Amino acid sequence: MFIPKSIGGRALAAAFLLGTALTPLQAHAEKTKLSLGAASADVGKLDPHFATSTSDRTLVAWIFSSLVRFAPGTTDPSKIEPDLAKSWEASADKLVWTFKLRPGVKWQKGNGEVTADDVVYSLTKSADPKRSAFAGDYAAIEKVEALDPLTVRITLKQQIPSLLGILTNYSGGFIVPKAAVEKLGADFSRNPVGSGPFALSRIEPGQAAHFVAHEDYFRGAPKIKEVAYRFLNSNSARDLAFAAGEVDAATGLAERQWLARTQATKGAVVDIFDPAELTLLHIDASKKPFDDIRVRQAVAHAINRNQISQFRGDAFTRAAGSVIPSNNLGYLAGSGMLPHDPQRAKALLAEAGYPNGLKIKMITSQMPSYETMAQLQQAQLQDVGITLELQPVEHATWHQMIRKDLNAMTTYGAARFPVADIYLTQFFHSKSAIGQPSAVTNFSHCTVADKEIEAARTETDSAKQLEFWKEAQRKIIAQVCAVPLTETAQVWVRRAGLDWGYELKGSMSLGPLLTELTHFKD
Amino acid sequence: MTGVPLPEDRQAEVPAISAGKSRTFLARLNLSTWIGLAVVLLLVLAAVFAPLLAPYDPTRQNILNQLAQPGAEYLLGADQFGRDVLSRLLYGARYSLTIGILSILLAMVAGSLAGMVAGHLGGKTDIVLMQFMDVVLAFPSLILGLALVAMMGATMTNILIAIAFTALPAFARVARAAVMAQRDREYVQACRAMGFSGPRILFRHILPAILPEVLVMASLWMATAVRTEASLAFIGLGLAPPNPTWGGMVREGFDNILNSFHLAIFPSLAILLLVLAFNLIGDGLRDAIDPRLKTAS
C-alpha cells in the first residue's frame, strides 16, 4: 500500500479515508422528517367527531384509532380489519355486539391506556348531537356498555346496514380519551390526544400543523418521526413547493393541465384514489323562489354536468349519475335525472313567473376546486337567465355559514362510508336538515324520502333494502332536492422515494393515511 | 414638511403653495406628467369604450379554449374558463379606474372638509377630529381596507368606501395644516374685518389657496387606491366573480402560473401601468406647483 511520506500528504490521505468512510453513512442516513403540502388554509376542528373538512379528516385519521379500520389504502367495506378491537362477535339477531379490546394500547402524551370506558364515552359522544356532527349515524345504538376494562357491548335498537361501518376510522368512529376530553373541553379541538401513530405537537396558525411519532403506538413506533403539514392553499404555491423539494407530497389538483404538468415532472408519482367525492348542488325548497318546483327543475335543466366533467378532465372526474356516490351499495344510475336543456329551463322559469330570469345569492368557498365549480355553475345558470351572485368566503368560514342556513343553494362535495344509508341519511333525511338538533348536511331540507331511508335501515331482506334505497333516490331527484354534478377522485402527488407503507388506492380520510410503515426508500 | 401622511413611500413630498407666476400652469408640467396623463386618458378611453374594443364577452366561458395561449384568436390568451384575457382587462379597467378615482375624490372631499373645519375652528373640534384621524392613521391602509371590506361585504360601493376611509386622514391633515397656515394671513384678516361669515371665508377665500396642495395629494393617493383595490381582490376580497378586476385576474392567474404565466402577467402589467401613471401625474403636479421641491430633490 502506498503511504505518503510528507506530513501534508499523510494528512490529505487521512482526510480522504475519513471522508470515504463517512460517505456511506450519510448516504444511508434515513430521512425521518416528512413534509406535506395541503390545499387548506388552516386547521379547523381536530376533535374527530367535528372534523368535517377534507383537511381535518385527513389529520384526525393520523391522530386517532377506532375499534375497526379500513385496511390502509382501501375503502372496501369487505376489508375492514381490527384496530383497537382485537376481536368481536354478534348475537344471532345482530342486535348485540361484543368487542374485545387490545390490552396495553397507550394514549399519546402520557394519557394512560385505552379502556372500555373510553370506547363507551366516545361512541356515546358520537351519538350526541351536541357533541358530534355525525350523531345521525349512531341513532340506532341503544346503549354502549363496558363489561370490563377490555370488553365493550353495543346494543342496537334495530338492525342497521353496517355497524362495523360506523365503527371504522372515519367520522364518528374514532375513539377519544374520556379524561382528556373532559379536562380540555372545547380546547380538545386544538389539542387532540389520540392513540394513532402520530400526535399533534403544535399548530402554527395559517402556516402548518406539526406532528411527532407516537413512539408507543401499538403497531410499533412509526418510521417517520416528524411530520410538517403545511397549509399551502394556493395551487401554484403548492406545486412550486413540491417542485422545489420543500414538500415530499402535496394535495394535487383534479384538473387535466395539472396532471399533464405533474406527470412530466421527474420523480413525481401521482396517486389518484377513492372515494370519489360526489358534488351535489343542494336546493332549499323551503326558501323562495325554490319553493316552486319549476324553478328547481329549471336549475337542474340549466346544469351541464358533462361540461364540468370535461373542464376537470376524465382522469379524475365523471358526470354524477345519482344523488349518492356510484361506489355506494344501493346506488341507482339514471334515476330520472333531468337532462341539460337550457330551452326547457327558460320555459319553466317563464311558467313559474320569471320570464326575465331571476337573481340568486350563494355563499361559496374560496377553496380553488369550489371556486372554479361555482364559476362554472354561474355561467351555466346565466345562460338560462339565472344570475348567480357569488359571495366567496374562506373555506372554514364557508363551512360555518352554510350550517347556519344562509344559502338557498349550496354546492357541496363529499364522500361517505360506501353504503347508501349514510349519504341518504346525512344529506336527505329530515332529521339531518340544517336547523334540526341533529343537523348534519341536509342543506335542501329534503323530507321526501324519509320513509324509504328509515325502512331500508331496518330491512333484513337485502333485495328489499336495495329497492328502498333506489326508491329514495328516485324521489329525491324527482323533487329536485339536489342536482347531481360530478364525482371527483382524490389526488395527491409524492416523490418516488416516499412509500406510504401500502398501495394508495383508497382513503376514507380523503388524504393519505400515515401509518407506522410510512417511510422514505433509499 | 407639514407632517402630512402621504402614501407609504411618498413621505416628505407635500409641496408648499407655489409662488411661481411667470408661466402658465400647464406649461410648467414636465414630459413625464404628460406621459402619465396620456396613459390615464388612454386607459379611461379603453374602459369607456370597452364594449366596442373588447373582442369577446369578458364573462363568457368557453371550456374548449381553456388556457389558450396568446395568439391570433385570443391576443392575450384565454383563462382557465376559456374567457378572453384582453376583454377582461378592458372591462377590468372600469373597476380599477372607478375605484381608484372615486374613492380618492370621496376621501378628498370628506377629509379636506374635516381638516378645514378642524383648522378653522380649532379648540375641541380640532382635537376630536384630528385624534379620530390619528386613530384611523394608525392602521396600514391595506389592513384597514381589508377589515372594512370583510365587515361590510365585497361590493363596489363598500370597497370604494373602505378605500376612501383609509385615505381620509391624509387629506384631513393636509387641509388642516394649510388652513392653519392661511388663517392669519392679511387677506383672511381683511375678510374677517369686512364681516364675512366663517364658511364664506373658508370656502371662498381659503379653499382656493389650499386646493393645489390637496390635488397633488389626491393624484398620489390614487395610485395607492389602485394598489389597495388590486391587493384586496388578490386576497379574495374584491368584487365577486365573474366581474373582471385586475387584482382578481392576478389571483386566478396565479393558480395556473406554471403553465400559463400570461394570465397573471398581463393584469399585473396593467396595474403597474396605472399606478405608474398616477405617480407620474402626482410628481409632475407637485413639481409644477412648487419647482423648488424639484431642484431640492
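Owing to the predicted nature of the structure, the values given are computational and were not obtained by experimental measurement.

1. Observations regarding the packing of aromatic side chains
Counted according to the given criterion, the structure contains 19 aromatic pairs over all chains. Judged by centre distance (5.3 Å) and plane angle (75 degrees), the rings of tryptophan 62 of chain A and phenylalanine 211 of chain A are edge-to-face. Of this pair, tryptophan 62 of chain A sits in helix α2 (residues 54-63) while phenylalanine 211 of chain A sits in strand β11 (residues 208-213); the two residues are 149 residues apart in sequence, bridging distant segments of the chain. Phenylalanine 211 of chain A gets classed as buried once you look at its relative accessible area, which sits at 1%. Here the guanidinium or amino end of lysine 45 of chain A rests over the ring plane of phenylalanine 50 of chain A, the centre of that ring lying 5.5 Å away. Above the plane of the ring of phenylalanine 196 of chain B lies arginine 200 of chain B, whose end atom (NZ or CZ) is 3.8 Å from the centre.

2. Some words on the sheet that holds strand β8 (residues 151-156) of chain A
Within a sheet, adjacent strands bond to each other through the backbone by hydrogen bonds, running parallel or antiparallel. Residue and element names in this part refer to chain A. Taken in spatial order, the four strands make up an open sheet running β5-β6-β8-β7, and their pairing is antiparallel. With partners counted over all chains shown, the strands left at the sheet margins are β5 (85-90) and β7 (141-148), one partner each. Between one strand and the next, the sheet's axes are offset by a mean angle of 20 degrees, whatever the strand orientation. Across five bridges, the pairing between strand β6 (residues 96-101) and β8 is antiparallel. The partner of tryptophan 97 across the bridge, within β8, is isoleucine 154. Its contacts with the sheet place helix α3 (residues 116-126) against β6, β7 and β8, and it is angled at close to 170 degrees to β7.

3. Focus: the packing of helix α9 (residues 246-254) of chain B against helix α10 (residues 262-289) of chain B
All names here are of chain B. In the contact formed by α9 and α10, the axes pass within 7 Å of each other and the chain directions differ by 150 degrees. Taken together, α9 and α10 sit at an angle that is classed as roughly antiparallel. Crossing handedness for the pair α9 and α10: left-handed. The segment α9 lies against α10, with Trp246, Gly247, Met249, Val250, Gly253 and Phe254 engaging Leu263, Ala264, Pro267, Ser268, Ala270, Ile271 and Leu274. In terms of residue class, the contact of α9 with α10 is built from 10 nonpolar, three polar and no charged.

4. Section: the pairing of β11 of chain A
Residues and elements named next belong to chain A. Buried residues dominate β11, accounting for five of its six residues. Where strand β10 (residues 198-204) and β11 come together, six bridges link them in antiparallel fashion. Note that in β11 the partner of leucine 200 across the bridge is phenylalanine 211. With antiparallel pairing between neighbouring strands as the criterion, β10 and β11 make up a hairpin whose turn holds three residues, including glycine 206 at a positive phi of roughly 75 degrees. Pairing analysis gives five bridges linking β11 to strand β12 (residues 226-231), with the strands arranged antiparallel. Following the sheet pairing, histidine 210 is matched in β12 by alanine 228.

5. Overview of the confidence of the model for chain A
In the predicted model, chain A carries a mean pLDDT of 90, and the fraction of residues at 70 or more is 94%. Here residues 19-28 of chain A is modelled with pLDDT under 50, and outside its nearest four sequence neighbours on either side it reaches one contact, counting other chains as well.

6. What about the interface of chain B and chain A?
Taken together, the contact between chain B and chain A spans 21 residues of the former and 24 residues of the latter. Taken together, the two surfaces of chain B and chain A that pack against each other cover about 2,000 Å², and 48% of this comes from carbon and sulfur. On the chain B side of the interface with chain A, the three residues burying the most area are Ile63, Asp255 and Leu258 of chain B, jointly 28% of the side's total. There are two salt bridges connecting chain B and chain A. As a salt-bridge pair, arginine 60 of chain B and aspartate 383 of chain A come within 2.8 Å of each other at their nearest N and O atoms. Counting across the chain B and chain A interface gives 12 residue pairs in polar contact (both at pLDDT 80 or more).

7. Considering the state of the cysteines
Note on terminology: a disulfide is the covalent bond linking the sulfur atoms of two cysteines. Residue and element names in this part refer to chain A. Inspection of the entire model under this criterion finds one disulfide over all chains. The disulfide bridge from cysteine 446 ends at cysteine 481, spanning 2.1 Å between sulfur atoms. Here cysteine 446 and cysteine 481 share a disulfide; its torsion about the S-S bond, 60 degrees, makes the bridge right-handed. Separated by 35 residues along the polypeptide, cysteine 446 in the loop between α13 (420-428) and α14 (450-458) and cysteine 481 in the loop between α15 (462-478) and β19 (482-495) bring together distant segments of the chain. Among the residues examined, cysteine 446 registers a relative accessible area of 2% and is labelled buried.

8. Re α9 of chain B
Within α9 of chain B, seven of the nine residues are buried, which leaves it mostly tucked inside the rest of the structure. Three or more residues of α9 of chain B are buried, namely Trp246, Gly247, Gly248, Met249, Val250, Glu252 and Gly253 of chain B.

Criteria and thresholds
Numbering of residues starts from 1 in every chain and runs along the sequence as written. Chains carry letters from A onward and ligands carry numbers from 1 onward, assigned in written order. pLDDT decides what is reported in this predicted model: residues at 70 or higher carry local features, side-chain atom pairs at 80 or more are listed and counted, and totals for whole chains, interfaces and linings draw on all residues regardless. Here the side-chain values reflect all heavy atoms present in the structure, with hydrogen atoms and water set aside. Side-chain rings of Phe, Tyr and Trp (the six-membered ring for Trp) are treated as a pair once their centres are within 6.5 Å; stacked means planes under 30 degrees apart, edge-to-face means over 60, and tilted covers the remaining angles. Only DSSP runs of H or I covering at least 4 residues are called helices, and only runs of E covering at least 2 are called strands; the numbering of each starts at the N terminus. Relative accessibility under 20% of the residue-type maximum defines a buried residue, over 50% an exposed one, and the middle range a partly exposed one, all with a 1.4 Å probe and only protein chains included. Consider the ring centre and the ring normal. A charge sits over the ring if Lys NZ or Arg CZ is within 6 Å of that centre and within 35 degrees of that normal. The pairing criterion for strands is at least two bridges between them, as found by DSSP. Axis definition: a line fitted to C-alpha atoms, over the contacting stretch in the case of helices. Angles run 0 to 180 degrees between N-to-C directions. When checking whether two residues touch, look at their non-hydrogen atoms; a contact exists if any pair is within 4.5 Å. We call two directions roughly parallel when the angle between them is under 35 degrees, roughly antiparallel when it is over 145, roughly perpendicular when it lies between 65 and 115, and oblique otherwise. It is the rotation of the near helix from the far one that decides the hand of a crossing: anticlockwise by less than a right angle makes it left-handed, clockwise makes it right-handed. Charged means Asp, Glu, Lys or Arg here, nonpolar means Ala, Val, Leu, Ile, Met, Phe, Trp, Tyr, Cys or Pro, and polar covers whatever is left, Gly included. In predicted models, pLDDT denotes the confidence assigned by the predictor to each residue on a 0 to 100 scale. Here the quantity called buried area is the accessible surface, traced with a 1.4 Å probe, that two parts lose on coming together, added over both. For this analysis, a salt bridge means a side-chain nitrogen from Lys or Arg found within 4 Å of a carboxyl oxygen belonging to Asp or Glu. Here a polar contact means two N or O atoms within 3.5 Å. Within protein one must be a hydrogen donor candidate and the other an acceptor candidate, and residues neighboring in sequence count only if both atoms are side-chain atoms. Disulfides are defined as pairs of cysteine sulfur atoms found within 2.5 Å of each other.

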